[in-house]
Structures are given as structure tokens and as C-alpha cells.
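What follows is the residue order along each chain.
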Amino acid sequence: MTGVELNSVLKNYIFKIALSFYCVWCLGCGQGSQEIIKPKLVIAIDATFVPMSFLNDQGGLDGFEVDLIKAVAKKAGFDYELVNVEWGGLFGGLITKKFDLVISSITILEERKKRMAFSIPYLQSGVSVLVRKDIPNVNNLEQLAEKKATVGAQINTTSYYFLQKYEGINIKTYEKFGHAIIDLANNGNDGVVGDSVQANYYFNKNKELTQNARFLGSRLTSENYGIVLGKKNTKLKQKVDASLKELLKNGTVQKLHDKWNLGEFAVVPLPE
Ligand code: ARG
């Protein structure tokens, strides 16, 4: 064998060894195979959205979604810590891995799916519109737009995106949904768009609102709420989905729907 031949045989060997190392390494890189589910999960929830999640009189987290996530965690065998995080901080904290899961009446949207993963839907809801009674001849959003009305919504929610479709409406944004509602009660805006369960709850609770505002039709969109996860957390998603599926099938979610009086404003979906 000449020196040149020896050199190429050697090169061939080195190439094959390197290739086999690369393959073994790659096997470990498959979607989710490197994923380790933390022994204690951090679950974020925005406790300003009654009756889905809120702080009760004792200062504890309470509501439909608090009950639901506890049931999911129990079924999946997760140890967890629930943290109260405001709406504006939920997605950023999930993406930067400060939280492992987020539950906060979050609508599953294609746009959001580019950055985050969602569980199977646990509730179907949508947006409703409240308007001041003293605004005459208004039966739909087009008419509100014609009047150049000021309508409130929580920032970066589906209610806010919904309002953006109506040219002419002056959108007033709020960090918290409750603030939009208080503003409506004080005539700070002409109407408010919000998730229908919550809009109905605040409407009934706030006396001025019950007197001075009315619903414009009923639920205007159909949206699905999902638990939000990191995009690469495939194993975690499988566990969350399996637990949710069981809780949807065995009637637990429906029982919580009844307990929290969600009424016709939200529907428990049937899992496939
Ligand atoms: N369902 C709406 C959305 O996903 C509103 C969610 C607001 N949630 C909250 N906890 N403030 O955009």
C-alpha cells in the first residue's frame, strides 16, 4: 500500500467512526427524547379573571381553572406550585421557561401556536359585547363603529383582536379585564368586549353595570381554551392531554362547569 492509499483508508475509517458517533448522538435528539419533566412543575395562572381564576376572601387561588389544573396535576401525578402572574407576563414567562404550564382562559390560536404548544381544548367559549344603555340605536358592532364609539378590551386578547376588525371603533386597552369593566360602569368607555363567561360574571356582580349596560347579542365567536406549554415539551403535553381527556370523559370538567355556574356562556367539549 502506498502512503497515499494508506492515507485515504485512514481518512475513510475516521469518517466512519465520526459518522457513527454523530448517529448515536442524533438518536438522542429526537423530538422530546431529551425532555426531562421537572420533579416540581411551576404552573402560572392570572388570578384576575373571575370565575375562572381569582383570589378568594382568604387570599387563596380559586376558580374553575384552579380546580381544573389541580385535577389535571393529580391525575398526571405531578407535583406542582401554582403562581399568580398577571396576563402581560404569562407568555413571556412560559417561553423563557420560568413556568412549565399556563392556564388562564387562553384561546388556542394558530398565531400563538407558532411560539407555544397547547393542550387539547378543555372549554369552548368566545367573546361578548357590553354597551351602555344610553347609546341609542345600536344593535351590532358595525353600528358602534359608525358612531366612532370607544370600546374597551384587555390588551392582546382575542377581544382586542376582534375589535381591530372594526374600522371606526376607537379601541381603549386595559391591562386587566376588570379595569375595562369598572371604566364602563363609570362611563369611561361606551362598551367592552370580553370573554363571555367573565363579561357575564362582572355584569351581574356590578350593580351600576347591570343598570346602565346591556349585552349586544350573545356570544359572538367560538373559541377553545387550552393549557399552554413550551413548544418542545412533547412528553409533558402527552401527559397533560391524557389527563384532560380522562377528566373530560368522566364528567369531572362538566361538574366544575356546574360548580362555577358557567352556564350557556361556555361549553365543555367532547374529546375525540
Ligand atoms: N381568551 C382570551 C385570549 O386568550 C382572553 C384571555 C384572558 N385571560 C386572562 N387570564 N386575563 O386572548
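Up top is the structure these notes are about.
Everything numeric here is computed off the predicted structure, so don't read it as measured data.

**Student:** Which residues make up the pairing of strand S9 (residues 127–132), and what are the values?
**Tutor:** Most of S9 sits out of view: six of its six residues are buried. Here S9 shows a buried face lined by Val127, Val129 and Val131 and a second buried face lined by Ser128, Leu130 and Arg132. Where S9 lies against strand S12 (residues 191–195), five bridges are found, and the strand directions are antiparallel. Bridge assignment links Val129 to a residue of S12, and that residue is Val193. Both S9 and strand S13 (residues 213–215) contribute to a ladder of three bridges, which runs antiparallel. In the sheet register, Arg132 faces S13, and the bridge partner there is Ala213.

**Student:** Let's hear about the sheet that holds strand S1 (residues 40–45): which residues, and what values?
**Tutor:** Taken in spatial order, the five strands line up as S5-S1-S6-S15-S7 in an open sheet, and their pairing is mixed. Both outer strands of the open sheet, strand S5 (79–84) and strand S7 (117–118), are each paired with one neighbouring strand and no more. Two strands pair when backbone bridges link them, and S1 and S5 are joined in this way by six bridges, in the parallel orientation. By the bridge assignment, Lys40 is partnered in S5 with Asp79. On top of the sheet, helix H2 (residues 64–76) reaches S1 and S5; it is set at about 160° to S5, its chief contact.

**Student:** An account of the pattern of salt bridges is needed here, citing residue identities and associated values.
**Tutor:** As enumerated under the stated definition, the model contains nine salt bridges in all. In this structure, the salt-bridge partner of Glu110 is Lys113, at a minimum N-O distance of 3.5 Å. Here Glu110 pairs with Lys113, and both are found in helix H4 (residues 110–113), just three residues apart, close to one helical turn. Between Asp190 and Arg132 there is a salt bridge, with the nearest N and O atoms lying 3.3 Å from each other. Taken together, the residues Asp190 in the loop between helix H7 (177–185) and S12 and Arg132 in strand S9 connect sequence positions 58 residues apart. With relative accessibility at 15%, the residue Arg132 sits in the buried group.

**Student:** Which residues make up the nonpolar core, and what are the values?
**Tutor:** The biggest cluster of nonpolar side chains holds 51 residues, and the ones touching the most others in it are Phe64, Leu68, Tyr122, Leu123, Ile227 and Val240. Counting residues per element, the ones that place at least two in this core are S1, H2, H7, helix H8 (196–205), helix H10 (234–249) and helix H11 (252–259). Residue contributions to this core peak at eight residues, all from H2. Within the second largest apolar cluster, 18 residues are counted, among which are Val138, Ala149, Val151 and Ala153.

**Student:** Could you give an account of H10, naming the residues involved and the relevant values?
**Tutor:** Over its 16 residues, H10 runs 22 Å from end to end, which matches the ideal 22 Å to within 8%, given 1.5 Å per residue. Along its buried surface, H10 packs onto S1, H2, strand S6 (101–102), strand S15 (228–229) and H11. Following H10 by one or two positions, Gly251 adopts a phi angle in the positive range, close to 90°.

**Student:** Mind laying out H7, listing which residues take part and the relevant values?
**Tutor:** Among the nine residues that make up H7, seven are buried, leaving the element largely enclosed by the rest of the structure. Listed as buried for H7 are Phe177, Gly178, Ala180, Ile181, Asp183, Leu184 and Ala185. With its phi angle positive at about 60°, Asn187 sits one or two positions after the end of H7.

**Student:** So what's going on with the packing of H2 against H11? Which residues, and what values?
**Tutor:** At a minimum axis separation of 10 Å, H2 and H11 run at an interaxial angle of 160°. It follows from the interaxial angle that H2 and H11 lie roughly antiparallel. Classified by chirality, the crossing of H11 by H2 is right-handed. Across from Phe64, Asp67 and Leu68 in H2, the residues of H11 making contact are Val253, Leu256, His257 and Lys259. Classifying every residue of the contact of H2 with H11 gives four nonpolar, one polar and two charged.

What counts as what
- Residues numbered from 1 in each chain as written.
- Predicted model: local features only at pLDDT ≥ 70, side-chain atom pairs only at ≥ 80, totals over all residues.
- Heavy atoms only, no water.
- Buried < 20%, exposed > 50% of the residue type's maximum accessible area, 1.4 Å probe, protein only.
- Helix = DSSP H or I, 4+ residues; strand = E, 2+ residues; numbered from the N terminus.
- Pairing = 2+ DSSP bridges.
- Contact = heavy atoms within 4.5 Å.
- Axes fitted to C-alpha atoms, helices over the stretch in contact; angles between N-to-C directions.
- Salt bridge = Lys/Arg side-chain N within 4 Å of Asp/Glu carboxyl O.
- Core = buried A, V, L, I, M, F, W, Y, C linked by side-chain atoms within 4.5 Å.
- Expected span 1.5 Å × (residues − 1).
- Parallel < 35°, antiparallel > 145°, perpendicular 65-115°, else oblique.
- Left-handed = near helix turned anticlockwise from the far one by under 90°.
- Nonpolar A, V, L, I, M, F, W, Y, C, P; charged D, E, K, R; others polar.

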